[in-house]
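Structure assessment
Residue strings, one per chain:
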Amino acid sequence: MAAIAPFVLTACGGGGNSASGDASSLTLMDYYNNDPDKALIQTAIDKCAADIGVTITREVVPGKDLIQKVLQKSSSKTLPDILMLDNPDVQEIASTGGLAPLSDFDVDTSGFAQGMLDAGTYEGEVYGLAPTANTLGLFYNKKLLADAGLKPPTTWEELKTTAATLTAGDQYGLAFSAIATYEGAWQFLPFMWTNGGSETELDSPENKEALQLWKDLIDSGAVSKGAINWGQGDVKDQFMSGKAAMMINGPWQIPALNDDAALEWGSVQVPVNKAGQTPTAPLGGEVWTIPQTGDKAKQAKAAEFISCFTAGDTQVALGSERYTVPTKPELAKEYVAKMPDMESFTEQIANARSRTGNLGAEWPKAATAIYTAIQLVLTDKASVDEAFAQAAKG
């Protein structure tokens, strides 16, 4: 994401209303523009609107257009009362002064997973909360592994040998997304972070080890060279068509996998380099925030909405419907009992990290360097030793 220009803020907003104190109606903006998410989110919005006694007018925009739309509304003084943001964008927006700290309205932020709190925090203040989160894991085709007498891999060495064994004909052992977008960086992070690597020192030995793993998998033929052009939807298609025995992907793919009655799949956490390491993956998910509209009465009602929307019952309901994980760890046992398919992802979320936790608003620059380095190595334009340094130079 490009750097965001500072918001032009005045004591006016909330759909153009002045600070009149009439908080019976609120405006809300999000990017869930496709069903089933669009309808499921609407149901949760309607429930909380009824609970707090307001009517909510919702505007849904495509994800790629959300930030630009927010900037337009800021300049025209028509910011929504409630704004959903993808979690890596929160710190950049908060840094402009465009959001109100939740502490201004006594919103209870206790009990949330630390990684998700980090994603909504800027300079020590929490600006947003998420009802649920997602992350990455390793999916595997149960029949293919069983026929080969194999168990799901738990280490990188096992991942390499298992993927090699399951590679035959037009079937590859493993699929992942190494595309030159944030998606490629997102898929690489579990390997980089689990190995002790960091976005603050891209040229570290730990990061290079993780990149070498990906290169080894491609060079051995266990992963298709097509990975450099695949998004996560393409990876899912490879897995479902039987062209990949395992894949790195997220739980949002589960509804599609379950639609194929013949496909028996399982999932485990992303393998570690060495036994004893903690599988550490990135947190995905959307954070709900209160823009600085200047209307304190509406902002206070927006805060009530966020408290309702991130309450335990809402978390479990949305998590169960959308294959996302509640962000309060205390709900994990109840949630997994309802959603056994989500057990490994719930375990993964417990140690998952915010992408902006270390770098804040500088994260997009690091993400670009990461996916650039991946492309340089996997297309043989740079060695693993050179790639991160070369990518960092732009």
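All of these numbers come straight from a predicted model, not from anything done at the bench.

Observations regarding the layout of surface pockets
Considered as a void within the structure, the largest pocket measures approximately 1300 Å³ in volume. Around the largest pocket sit 38 residues that line it, and Y31, G63, D86, Q232 and E286 are the ones nearest its centre. Taken together, the elements giving at least two residues each to the lining of the largest pocket come down to α1 (37–52), α2 (66–75), α7 (182–194), α9 (232–240), α12 (312–322) and α15 (363–378). Tallying contributions element by element places α7 first for the lining of the largest pocket, with 4 residues. Residue composition of the lining of the largest pocket, by class: 17 nonpolar, 11 polar and 10 charged. Here the lining of the largest pocket spans two domains, since at least three of its residues come from each of domain 1 (25–134 + 284–353) and domain 2 (137–282 + 360–392). For the second largest pocket, the lining is made up of 12 residues, of which L202, K365, A366, A369 and A392 are closest to its centre. Those elements that place two or more of their residues in the lining of the second largest pocket are α15 and α16 (384–392). If you tally residues by element for the lining of the second largest pocket, the top one is α15, at 5 residues. Of the residues assigned to the lining of the second largest pocket, the class counts are 6 nonpolar, 3 polar and 3 charged.

Digging into the nonpolar core
Of all hydrophobic cores here, the largest spans 119 residues; its most connected members are L174, F176, W288 and F305. Top contributing element to this core by residue count: α15, with 11 residues. Built from parts of two domains, this core gets at least three residues from each of domain 1 (25–134 + 284–353) and domain 2 (137–282 + 360–392). When neighbours within four sequence positions are excluded, F305 is seen to be in contact with L28, I45, C48, I52, I56, I82 and W288.

Notes on the state of the cysteines
Using the criterion set out here, one finds 1 disulfide in the structure. Between the sulfur of C48 and that of C308 lies a disulfide, 2.1 Å long from S to S. Here the disulfide of C48 and C308 is left-handed, its torsion about the S-S bond being about -85 degrees. One end of the pair, C48, is in helix α1; the other, C308, is in helix α11 (residues 296–309), with 260 residues separating them in the sequence. Exposure class is identical for C48 and C308. Each is buried.

Comments concerning unusual backbone geometry
Across the junction of D35 and P36, the peptide omega takes the value 10 degrees, indicating a cis bond. Counting through the fold element by element, P36 comes out in the loop between β1 (25–30) and α1. Positive phi, close to 55 degrees, is recorded for D106, a residue that is not glycine. Residue placement: D106 occurs in the loop between α3 (90–94) and α4 (114–119). Classification of D106 as exposed rests on a relative accessible area of 71%. Even without being glycine, D380 reaches a positive phi, approximately 60 degrees.

The rules we used
Residues numbered from 1 in each chain as written. Predicted model: local features only at pLDDT ≥ 70, side-chain atom pairs only at ≥ 80, totals over all residues. Heavy atoms only, no water. 1 Å grid on protein atoms, 1.4 Å probe; cavity = no way out; pocket = protein on both sides within 12 Å on 5 of 7 lines; lining within 4 Å. Points joined across faces, edges and corners; volume = space filled by probe spheres on them. Helix = DSSP H or I, 4+ residues; strand = E, 2+ residues; numbered from the N terminus. Nonpolar A, V, L, I, M, F, W, Y, C, P; charged D, E, K, R; others polar. Domains from an automatic or database assignment. Core = buried A, V, L, I, M, F, W, Y, C linked by side-chain atoms within 4.5 Å. Buried < 20%, exposed > 50% of the residue type's maximum accessible area, 1.4 Å probe, protein only. Contact = heavy atoms within 4.5 Å. Disulfide = S-S within 2.5 Å.

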